[in-house]
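As a plain string of letters, each chain reads:
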Amino acid sequence: MTQVIVLNGGSSSGKSGIVRCLQAVLPDPWLALGTDVLVEAMPASLRTSDSGIEFAPDGQVVVGPEFRAVEAAWIEGVAAMAHAGARVIVDEVFLGGADSQQRWQKALGGLWVLWVGVRCDGAVAAGREVARGDRVIGMAASQADIVHEGVAYDLEVDTTRTESMECAHIIAARVS
């Protein structure tokens, strides 16, 4: 039985919309946790320092050692909730590609995990990014492909022309 769904995709690829739709269509309660929640929970000092996480003017995201330490604790905490019986949907951006996935795989060991790649054409994601108004312009384009490098998925969806609810139904059909 699936205990964790990990959605990985670049900024503005449609992950959060899919998460909300999954929560609506899956029969059991699922917690939605993701990288945005982690960043918002961090003190402002870690969102503006070399040792934390920096959002460069060109959209690049640079993470330092203090961010990595907090992120490691976050991953272990999310995994602990799943090990304790909570069903969790993780909304992630694997900036480190395969290395990022390996950190999650280690923490989620022993759980049934559905790994989902959320793809979106970079130009379409960039348009969504502008419309959102809450992201540094350039993040979507810079992350559209790099987050998938070396990552293994059970399933991939593409939100370029497919609505969030349809993607959620495709994913839900694979949840056992």
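These numbers come from a predicted model, not from an experiment.

Visitor: Can you walk me through the side chain of Ser13 in this structure?
Guide: Mapped onto the elements of the fold, Ser13 is located in the loop between β1 (4–8) and α1 (15–25). A residue is classified by how much of its surface remains accessible, and Ser13, at 3% relative accessible area, is buried. Once you skip the residues sitting within four places of it in the chain, Ser13 turns out to touch Val118, Cys120, Arg128 and Thr159.

Visitor: How should I be thinking about helix α4 (residues 98–107) in this particular structure?
Guide: The periodicity of an α-helix, 3.6 residues per turn, causes residues three or four positions apart to be oriented the same way. Ser100, Gln101, Trp104 and Ala107 are the residues of α4 that are buried. Along the axis of α4, the buried residues cluster in a sector spanning 125°; they form a single face.

Visitor: Quick question: what am I supposed to make of the pairing of β1 here?
Guide: Regular strands show a simple pattern: their side chains alternate between the two faces of the sheet. Among the five residues of β1, five are classified as buried, and the element is accordingly described as predominantly covered. Of the two faces of β1, the one carrying Val4, Val6 and Asn8 and the one carrying Ile5 and Leu7 are both buried. Sheet topology note: the β1/strand β5 (residues 88–92) ladder contains five bridges and is parallel. Looking at the pairing, Val4 lines up with Val88 of β5. With five bridges joining them, β1 and strand β6 (residues 113–119) adopt parallel strand pairing. Residue Val4 lies in a different strand from β6, and its bridge partner there is Val113.

Visitor: Even after reading the chapter, I still don't get helix α3 (residues 65–83), so can you show me in this structure?
Guide: For α3, with 19 residues, the first-to-last C-alpha span of 27 Å sits near the 27 Å given by 1.5 Å per residue. For α3, the complete set of buried residues consists of Phe67, Glu71, Trp74, Ile75, Val78, Ala79 and Ala82. Summarising the axial view, the buried residues of α3 lie within an arc of 130°, below the 170-degree limit, and thus occupy one face. Exposed side of α3, more than 90 degrees from the buried face: Pro65 and Ala73 are the residues found there. Positive phi appears at Gly85, one or two residues downstream of α3, with a value of about 115°.

Visitor: I tried to follow a negative patch on the surface on my own but got confused; where do I start?
Guide: Residues Asp121, Asp145, Glu149 and Asp158 make up a contiguous surface patch of negative charge. Its location among the elements puts Glu149 in the loop between α6 (139–143) and β7 (155–158).

Visitor: I keep staring at the nonpolar core and nothing clicks. Help me out?
Guide: By size, the foremost hydrophobic cluster in this structure holds 27 residues, and its most contacted members are Val4, Val6, Trp104, Leu108 and Trp115. Mapped by element, the contributors of at least two residues to this core are β1, α2 (35–41), α3, β5, α4 and β6. Per-element tally for this core: the top contributor is α3, with six residues. Not counting residues up to four positions away in its chain, the partners in contact with Trp104 are Trp74, Ile75, Val78, Val90, Glu92, Phe94 and Trp115.

Visitor: Explain the pattern of salt bridges here, please?
Guide: Charged atoms that come close allow side chains of opposite charge to pair. Per the stated rule, a full pass over the model turns up six salt bridges. For Lys15, the salt bridge identified is with Asp91, shortest N-O distance 3.9 Å. One end of the pair, Lys15, is in helix α1; the other, Asp91, is in strand β5, with 76 residues separating them in the sequence. Accessibility assignment for this pair places Lys15 and Asp91 in one class, buried. A salt bridge links Arg103 to Glu71; its shortest N-O distance comes to 3.9 Å. Highlighted residues: Arg103 in helix α4 and Glu71 in helix α3, separated in sequence by 32 residues. In the salt-bridge network here, residues are joined through shared partners; they are Arg68, Glu71 and Arg103.

The rules behind each value
- Residues numbered from 1 in each chain as written.
- Predicted model: local features only at pLDDT ≥ 70, side-chain atom pairs only at ≥ 80, totals over all residues.
- Heavy atoms only, no water.
- Helix = DSSP H or I, 4+ residues; strand = E, 2+ residues; numbered from the N terminus.
- Buried < 20%, exposed > 50% of the residue type's maximum accessible area, 1.4 Å probe, protein only.
- Contact = heavy atoms within 4.5 Å.
- Arc of directions from axis to C-beta.
- Pairing = 2+ DSSP bridges.
- Expected span 1.5 Å × (residues − 1).
- Patch = residues over 30% accessible without salt bridge, like charges linked within 9 Å, V, L, I, M, F, W, Y side chains within 5 Å.
- Areas by Shrake-Rupley, 256 points an atom, 1.4 Å probe, with all protein chains shown as cover.
- Salt bridge = Lys/Arg side-chain N within 4 Å of Asp/Glu carboxyl O.
- Lys, Arg positive; Asp, Glu negative; His and termini not counted.
- Charge placed at Lys NZ, Arg CZ, Asp CG, Glu CD.
- Core = buried A, V, L, I, M, F, W, Y, C linked by side-chain atoms within 4.5 Å.

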